[in-house]
Amino acid sequence: MNDQHGGPTISGDIVVIGGGSAGIGLLASLLKRDPHLNITLIEPSEYHCYQPAWTLVGGGAYDVKKTRRPLANVLPNGVTWVQAAVTELLPDEQTLVLDSGQRVTWHNLIVCPGLRLAWEKVEGLQEALGQHGVTSNYSYEHAAYTWQLVQQLKSGRAIFTQPAMPIKCAGAPQKAMYLSCDHWLKQGHLKNIDVEFDLAGAALFGVATFVPPLMKYVEKYNARLAFNSNLIRVDGPARKAWFEVKDAAGNVSVEEKAFDLLHVVPPQVSPDFIRQSPLADAAGWCEVNPHSLQHLRYPHIFGLGDVCGTTNAKTAAAVRKQIVVVAENLLALRKQAPLPLKYDGYGSCPLTVEKGKVVLAEFGYGGKLLPTFALDPTQARRSMWFLKATLLPWFYWNGMLKGREWLTRLSKVD
Ligand SMILES: Cc1cc2nc3c(=O)[nH]c(=O)nc-3n(C[C@H](O)[C@H](O)[C@H](O)COP(=O)(O)OP(=O)(O)OC[C@H]3O[C@@H](n4cnc5c(N)ncnc54)[C@H](O)[C@@H]3O)c2cc1C
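Definitions and cut-offs
Residues numbered from 1 in each chain as written. Predicted model: local features only at pLDDT ≥ 70, side-chain atom pairs only at ≥ 80, totals over all residues. Heavy atoms only, no water. Phe/Tyr/Trp six-rings, centres within 6.5 Å; stacked < 30°, edge-to-face > 60°. Helix = DSSP H or I, 4+ residues; strand = E, 2+ residues; numbered from the N terminus. Buried < 20%, exposed > 50% of the residue type's maximum accessible area, 1.4 Å probe, protein only. UniProt positions renumbered as here; feature names shortened; annotations may be inferred. Pairing = 2+ DSSP bridges. Axes fitted to C-alpha atoms, helices over the stretch in contact; angles between N-to-C directions. Near = heavy atom within 4 Å. Polar contact = N/O pair within 3.5 Å; in protein donor to acceptor, adjacent residues only side chain to side chain. Contact = heavy atoms within 4.5 Å. Domains from an automatic or database assignment. Buried area = accessible area lost by both parts, 1.4 Å probe. Salt bridge = Lys/Arg side-chain N within 4 Å of Asp/Glu carboxyl O. Nonpolar A, V, L, I, M, F, W, Y, C, P; charged D, E, K, R; others polar.

Under the criterion given, the structure shown has twelve aromatic pairs. Consider the rings of Tyr50 and Trp397, whose centres lie 6.4 Å apart with planes at 55 degrees: the pair is tilted. Here the residue Tyr50 occupies a position in the loop between strand S6 (47–49) and helix H2 (54–58), and Trp397 occupies one in helix H10 (residues 382–398), the gap between them amounting to 347 residues. Across the pair, exposure class does not vary: Tyr50 and Trp397 are buried alike. Both rings, one in Tyr217 and one in Tyr221, keep their centres 6.0 Å apart while their planes meet at 40 degrees; by these two values the pair is tilted. Taking relative accessible area as the criterion, Tyr221 reaches 1% and is therefore assigned buried.

This is the structure we're talking about:
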């Protein structure tokens, strides 16, 4: 059958949308279980990125080039890769539409296109980014610019921003601040730099256990916290930023702030083709069962990674466990067997509070602490820096993306 625009319809058996952490990890895990599976990957990008290391790049502790590899080099053998983006989902017809106009049909669909960084929601940001002291660790292109700016700044005002939740790696906005402050402190410049952290929300971190150890660092670096203060506009050449500030009575006003360095974390939304599809929940995210990761209304569809409306921390650490749950549950579903595994909401956020030390926050649904190591998780440790900066990247490329399911202990369905 030929489509109006894009050529013959592709008929897939298992179709995976997105070749990021979740997509590539899942492909590897599925094929390890059954190398004969017929899988099609839809992914527009030529590259695959290890995003967790961008925080280190912005802190001068990692080479950005090591965070990216050609997608072809991480794609498991035997997968059909269609280099295109999905623009429309028609789950009742078990069909999706690509940006080429071509259609793809499936028996089982796995949805993992991540989230969309909505840079355009902050007026003037796209024009300013990468110059005039405006930077972001949330982009491969700009993380190294953060470190350049940090090294150049000797005095003035540095502002770090955090948008409304949910975002991927909710700790990353403050990690950028801590690593910058650590450098300025060691260079003797911190006393001449006015550091401010503007958060759209009302809490420093979502899990209360970790707030006191983080506050110690906020105080050590003499950083000012501005809660309920949401970045809405940037003028790069004028080096000014505007924030919508909500007071205790709920009144909203706009405040103008001058800066010498502005580290921006952009607003984050569900991809448009998910938000506009019947797969979406009320907020636009993919609506899966939080434990089985099976879609609530379309049982032949599973979702994992940042696109899901589940309340876990949107992290690669969460994906590491979700991959195993989806691989096992999908194969069981195809055999018409009960779904065997359940996800506990595990996610992790290695908070780089100084260069060489990390507070490793690991927790599941409801903020339940789920530490991997029998150590006080609120302590900043050198061993956890080694884990974050050396072990985890290696582990990612050689373990998670290769179907080696290390550190993925999971609960069976009762
Ligand atoms: C600065 C930063 C620091 C972080 N720090 C940590 C950390 O310390 N620890 C941690 O565990 N996690 C961290 N993360 C989060 C982690 O990187 C993400 O949670 C993880 O990558 C999510 O995997 P994913 O596959 O859902 O999304 P992604 O890895 O983002 O992949 C999504 C893929 O889908 C593709 N796609 C998008 N739209 C379409 C479409 N329309 N059609 C087809 N394909 C599409 C994209 O091109 C992409 O390849 C950090 C992230 C950032 C940005």
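Attention shifts here to the UniProt feature "domain: FAD/NAD(P)-binding" (unreviewed entry) in the chain. Using the residue numbers shown here, the UniProt feature "domain: FAD/NAD(P)-binding" (unreviewed entry) corresponds to residues 13–130. For residues 13–130, helix accounts for 22% and strand for 31%, while the C-alpha atoms at its two ends are 43 Å apart.

The next thing to look at is the sheet that holds strand S20 (residues 252–258). Strand order across the open sheet formed by three strands is S18-S19-S20, with antiparallel pairing between neighbours. Among the strands making up the open sheet, the edge pair consists of strand S18 (229–235) and S20. The mean angle between the axes of side-by-side strands here comes to 25 degrees, regardless of whether they run parallel or antiparallel. Across seven bridges, the pairing between strand S19 (residues 240–246) and S20 is antiparallel. Bridge assignment links Trp242 to a residue of S20, and that residue is Glu256.

Next up on the list: the site of the ligand. Around the ligand, the structure places 33 residues, and the nearest of them are Ala22, Glu43, Asp306, Ala316 and Ala317. Between Pro113 and the ligand, the recorded distance is 3.4 Å, taken from a backbone N or O atom to an oxygen atom. Here an oxygen atom of the ligand sits 3.4 Å away from a polar atom, N or O, in the main chain of Lys314. Secondary structure elements with two or more residues in the shell around the ligand: helix H1 (21–33), helix H6 (172–187) and helix H9 (316–334).

Below, the discussion takes up the side chain of Ser136. In this structure, Ser136 sits in the loop between strand S14 (134–135) and helix H5 (143–152). The buried category is assigned to Ser136, whose relative accessible area is 0%. One polar contact links the side chain of Ser136 to the main-chain amide nitrogen of Tyr138, over a distance of 3.1 Å. Residue contacts for Ser136: discarding those within four places in its chain leaves Trp119, Leu129, His142, Ala143, Thr146, His263, Val264 and Pro266.

The next point concerns the domain arrangement of the chain. Accessible area lost during the coming together of the parts is what is often quoted as the interface size. Entries for the chain in the domain assignment read domain 1 (2–115 + 270–412) and domain 2 (119–268). Counting residues at the interface gives 36 residues for domain 1 and 31 residues for domain 2. Between domain 1 and domain 2, the buried area comes to about 2900 Å², and carbon and sulfur atoms account for 70% of it. Together, Trp54, Leu351 and Val353 form the three largest contributors to the area buried by domain 1 at its contact with domain 2, with a combined 19%. Counting the contacts that link domain 1 with domain 2 gives one salt bridge. Glu354 is the partner of Lys220 in a salt bridge, and the nearest nitrogen-oxygen pair spans 3.9 Å. Looking at the side of domain 1 that touches domain 2, the elements with two or more residues in it are H2, strand S25 (347–354), strand S26 (357–363) and H10. Taken together, the residues of the side of domain 1 that touches domain 2 sort by class into 17 nonpolar, ten polar and nine charged.

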